[in-house]
Amino acid sequence: MRRFVGALVALLPIGCAVDAYAATAPVAPSTVRATLSTGASTTVNPTVQAPTSPANPDLVFLADTTGSMGGAIDSVRSNASSIMASIAAGNPSARFAAVQYRDEGDGVAYEVTQNLTTDAAQVTSAMDAWEATGGGDYAEGQIHALYHLATDVAWRTDSNHVVAWFGDAPGHDPSQGVTLDQAIAALVAAHIRVVAVSIGEMDSPVSGSIAAPAMSSAAVQPPGDGLDDVGQATAIVEATGGVLMTTSDPSEVASTIEEGLKALPVTIEPVYSGDTHLAVTFDPATLTVASGTTATFKETITLAAGSPAGTTFTGTVTFKLNGATAADYVQTVAVNSPALPFTSGPQAPLPWIPLGLAVLGLLMVSGAGIAWRVMSPRR
């Protein structure tokens, strides 16, 4: 009898039904539905397609606008509209800004030419005002600029903060009283990742260090030898989780920026919010993958012991991308708790459906026995 009841209990809907999602969706499955008894768990393995460019970005174009940068500025100015349109196509909330720097003593040593805006035309108009002039000695004033844009730019709290920085010379350290270490600390505190595009011949660096003496006007390298001539750009991108790109052709700066944006690593962090009767955990807790690739998690959904029966509990998992939220990178979770609690095993209470079937079976057997006695000839 216990075996019969146990078999019937096993047929009851304890488990997990997962909705499929279209192949083009970044999160699959987008919906998880499960029926669980209290204290029970189920697992699924969601996949997350990392975007090919920063999701929900605040993107700042940071330009060295000294005298040697005319060709590079023209490249970015001519292609900025298409870069911004491409990013905004998948991120309608994307915002863009334009910032320039030159050198100490130049008329415009640092300027937020256009703060963050969704209006790409305002950004290209700001770039039109950039003029390649000044520069003085070999080193420029980017360390001062990087330090100040961390707070001068109107970054959103829930966006991806990215600086696309291009130039052809390293920077004074310190620069107007700001050291490289201070600039890096400010960038990290503001959660800014830097895509650095170094323009120049890319030959041997001046020095293996980033000490101030290498930044003097007596530096032996000619102008145009690159942002990373003394390792500053490498230090910045490594500290901020960015990338360093190089080109010797100023006309290729815009396309190199695009390549850099697509090369940024993506850290994916699933975060559950919703009914507290549900616990949703992930293994691993975060994954860092290359842009455009897929991350797979093990997702465990548990309905807390003692949760009310006959109730559907719901929640949402947001897959954050480098700490930012993005449209479509969400999953809904719905867990149904059956109207009556049930378990199986030697000590389990008999649920009413199997019990009813068992009683019905006994009645049928008893009835058959009575009929057999009535119809059998007496001996």
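Just so it is clear, the model here is predicted, and its values are computed rather than measured.

### Description of the sheet that holds strand 9 (residues 160-167)
Consideration 1: Strand order in this open sheet of six strands is 8-7-6-9-10-11, and the pairing throughout is mixed. Each edge of the open sheet is held by one strand with a lone partner, namely strand 8 (110-117) and strand 11 (243-247). Ignoring which end each strand starts from, the neighbouring axes of this sheet average 15° apart.
Consideration 2: Two strands pair when backbone bridges link them, and strand 6 (residues 57-64) and strand 9 are joined in this way by seven bridges, in the parallel orientation. Looking at the pairing, leucine 59 lines up with valine 162 of strand 9.
Consideration 3: Across the face of the sheet, helix 2 (residues 70-90) comes into contact with strand 6, strand 7 (95-101), strand 9 and strand 10 (192-199) while running at roughly 175° to strand 6.
Consideration 4: Strand contacts of helix 7 (residues 253-263): strand 6, strand 9, strand 10 and strand 11, with the helix running at about 155° to strand 11, the strand carrying the most contacts.

### Section: the side chain of glutamine 114
Consideration 1: Its place among the elements puts glutamine 114 in strand 8.
Consideration 2: The buried category is assigned to glutamine 114, whose relative accessible area is 18%.
Consideration 3: The contact partners of glutamine 114, leaving out residues within four places of it in the chain, are Ala97, Ala98, Gln122, Val123 and Ala126.

### Side note on unusual backbone geometry
Consideration 1: Note that the residue after alanine 28, namely proline 29, is joined by a cis bond; omega there is 0°.
Consideration 2: Following aspartate 173, the chain continues to proline 174 via a peptide bond in cis, the omega torsion being 5°.
Consideration 3: Relative to the elements of secondary structure, proline 174 occurs in the loop between strand 9 and helix 5 (180-189).
Consideration 4: The backbone phi angle of glutamine 176 is positive, close to 50°, even though this residue is not glycine.
Consideration 5: At histidine 191, a position not held by glycine, the phi torsion is positive, near 55°.
Consideration 6: With respect to the helices and strands, the residue histidine 191 is situated in the loop between helix 5 and strand 10.

### Considerations on the pattern of salt bridges
Opposite charge on two side chains allows them to pair when their charged atoms are near.
Consideration 1: For the coordinates displayed, the defined rule picks out three salt bridges.
Consideration 2: The salt bridge partner of arginine 95 is aspartate 58, with a shortest N-O separation of 3.4 Å. With a gap of 37 residues between them, arginine 95 in strand 7 and aspartate 58 in strand 6 connect regions that are remote in the sequence.
Consideration 3: Overall, the relative accessible area of 0% leaves aspartate 58 in the buried class.

### Structural notes on the environment of alanine 189
Consideration 1: Tracing the sequence through the fold places alanine 189 in helix 5.
Consideration 2: Residue alanine 189 is classed as exposed on the basis of its relative accessible area, which comes to 59%.
Consideration 3: C-alpha separation for the pair alanine 189 and alanine 150, spaced 39 residues apart in sequence, amounts to 8.3 Å.

### With respect to the nonpolar core
Consideration 1: By size, the foremost hydrophobic cluster in this structure holds 31 residues, and its most contacted members are Phe61 and Phe166.
Consideration 2: Contributions of two or more residues to this core are made by strand 6, helix 2, strand 7, helix 3 (120-128), strand 9, strand 10, strand 11 and helix 7.
Consideration 3: Looking at which element gives the most residues to this core, the answer is helix 2, with seven residues.
Consideration 4: Core analysis: the second largest hydrophobic core is formed by 30 residues, Ala97, Val178, Ala183 and Ala196 among them.

How each quantity is defined
- Residues numbered from 1 in each chain as written.
- Predicted model: local features only at pLDDT ≥ 70, side-chain atom pairs only at ≥ 80, totals over all residues.
- Heavy atoms only, no water.
- Pairing = 2+ DSSP bridges.
- Helix = DSSP H or I, 4+ residues; strand = E, 2+ residues; numbered from the N terminus.
- Axes fitted to C-alpha atoms, helices over the stretch in contact; angles between N-to-C directions.
- Contact = heavy atoms within 4.5 Å.
- Buried < 20%, exposed > 50% of the residue type's maximum accessible area, 1.4 Å probe, protein only.
- Salt bridge = Lys/Arg side-chain N within 4 Å of Asp/Glu carboxyl O.
- Core = buried A, V, L, I, M, F, W, Y, C linked by side-chain atoms within 4.5 Å.

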